[in-house]
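Examining the three-dimensional arrangement
Residues per chain are reported as follows:
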Amino acid sequence: MSNTLTKSPVYTAPYRSLTEALDLAPSTAQVRAEVMTALAGPQKTLPCKFLYDEHGSTLFDEICDLPEYYPTRTELKITRDYATEIAATIGARSAVVEYGSGSSVKTRVLLDHLADTFAYVPIDISREHLVNAARTLQYRYPDLSIFPVCADYTRPLVLPALSKAKSAQTVAYFPGSTIGNLEPVAALAFLRSIRATCGGNSRLLIGVDLKKDPSTIHAAYNDSAGVTAAFNLNVLRRLNHEIGSNFELDSFCHYAFYNPSLSRVEMHLVSLERQHVSFPGGESIRFEAGETIHTESCYKYTLQEFADLAAAAGYRRRHAWVDAQNWFSVQLFEGIE
């Protein structure tokens, strides 16, 4: 997959139909090349973005409702409790650009409180999920211009053309503690990319999961209903469908743990036996029994650690809102000119 900046076509009309969604999703050949590279290392990996096809996104929505999974409900409560204050701190006349829009539940709370929002640009790699969410929001906010973009937002991209005359500022919105899925060096690069995409004086509203009792964190990724396990294994089903591999899902199992020394959850798929997985073109990957594919990391931060990371990307923190237990934070930053 190319790291060069891909120019998107100028897009000046709001979302009205499925065909108008701007589609910058990677091709099958690009996905296959990235997967083969990721599986070729001594520690096999898969980029966590591949967890989120339509079915994976649906499973993640189910995870968000699980009793063990505190991040979503805690962030949503913070957003609801402080929505008026958050909106006042952001200010009026904004274009909101959401990275990884998902089901947009928290987005609706934000849009309900922001004054004179001109445009909303949801960016997500799952096209079906993106289109469904855009339709729901267009119905709820008929006067809001919505410009959905299907893309891998970790890659450089150009936003749809927005009227700067009507939009006094751009606010990047990145909820869900998804920033924790990136290694710290990659997180820094991504924050810099957001600022470059949205503008040097843009603002960033971001959800960040905080360090806490390791047992609480561990339980969130090992739910008793097995939904997280299904979500993790679904990436293999997706690859079989999209690039023609022949992963046997019953030959792998979900394994997740919190590593306190690295301040991160690691999510793996463990090979239950020695096996070979074939790919079109005659290529195959060998797995030993007990060998793992590292599918996702979820880093946790202190407030100061994340403020330092954002500062290195050119952001100054305006405010941080946290819950009563100090489990989660919603933080607002502004670009430093």
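Coordinates for the structure precede this section.
Residues numbered from 1 in each chain as written. Predicted model: local features only at pLDDT ≥ 70, side-chain atom pairs only at ≥ 80, totals over all residues. Heavy atoms only, no water.

1. Here we look at the overall build of the chain
Within the chain one finds 10 helices and 15 strands. At 20 Å, the chain has a C-alpha radius of gyration in line with the 20 Å of a compact globule built from 337 residues. In terms of overall dimensions, the chain has C-alpha extents of about 60 × 45 × 35 Å along its principal axes. Residue pairs in contact within the chain that sit at least 24 positions apart in sequence constitute 72% of those at least 6 positions apart. Roughly 14300 Å² of accessible area belongs to the chain as shown, and the carbon and sulfur atoms make up 53% of that amount. Taking the 31 positively charged and 37 negatively charged side chains of the chain as two groups, their mean positions are separated by 7 Å. (Helix = DSSP H or I, 4+ residues; strand = E, 2+ residues; numbered from the N terminus. Rg over C-alpha atoms; globule rule 2.2 N^0.38 Å. Contact = heavy atoms within 4.5 Å. Areas by Shrake-Rupley, 256 points an atom, 1.4 Å probe, with all protein chains shown as cover. Lys, Arg positive; Asp, Glu negative; His and termini not counted. Charge placed at Lys NZ, Arg CZ, Asp CG, Glu CD.)

2. What about the sheet that holds strand 9 (residues 252-259)?
Taken together, 4 strands build an open sheet; the order of strands is 2-13-10-9 and the sheet is mixed. Each edge of the open sheet is held by one strand with a lone partner, namely strand 2 (44-45) and strand 9. Of the strand pairs in this sheet, strand 10 (residues 264-271) and strand 13 (residues 292-299) are connected by 7 bridges, and their pairing is antiparallel. If you follow H268 over to strand 13, its bridge partner there is H294. (Pairing = 2+ DSSP bridges.)

3. Some details on the pairing of strand 8 (residues 203-209)
Within strand 8, 7 of the 7 residues are buried, leaving the element largely enclosed by the surrounding structure. Residues R203, L205, G207 and D209 of strand 8 are buried on one face, and the alternating residues L204, I206 and V208, pointing to the opposite face, are buried as well. As judged from the 4 bridges shared by strand 7 (residues 169-174) and strand 8, these two strands associate in the parallel manner. Looking across to strand 8, one finds that Y173 is bridged to L205. In this fold, the crossover linking strand 7 to strand 8 by way of helix 7 (residues 184-198) has right-handed handedness. With 7 bridges connecting them, strand 8 and strand 15 (residues 328-335) associate as antiparallel partners. Residue pairing for strand 15: L204 is matched across the bridge by F333. (Buried < 20%, exposed > 50% of the residue type's maximum accessible area, 1.4 Å probe, protein only. Right-handed = clockwise from strand over helix to strand, strands pointing away.)

4. What to know about the packing of helix 3 (residues 70-81) against helix 5 (residues 105-113)
Between helix 3 and helix 5, the shortest axis-to-axis distance is 10 Å and the interhelical angle comes to 5°. Classified by the angle between their axes, helix 3 and helix 5 sit roughly parallel to one another. In this structure, helix 3 uses T72, E75, L76, T79 and R80 to contact helix 5, whose residues at the interface are V105, K106 and V109. Its residues assigned to classes, the contact of helix 3 with helix 5 comprises 3 nonpolar, 2 polar and 3 charged. (Axes fitted to C-alpha atoms, helices over the stretch in contact; angles between N-to-C directions. Parallel < 35°, antiparallel > 145°, perpendicular 65-115°, else oblique. Nonpolar A, V, L, I, M, F, W, Y, C, P; charged D, E, K, R; others polar.)

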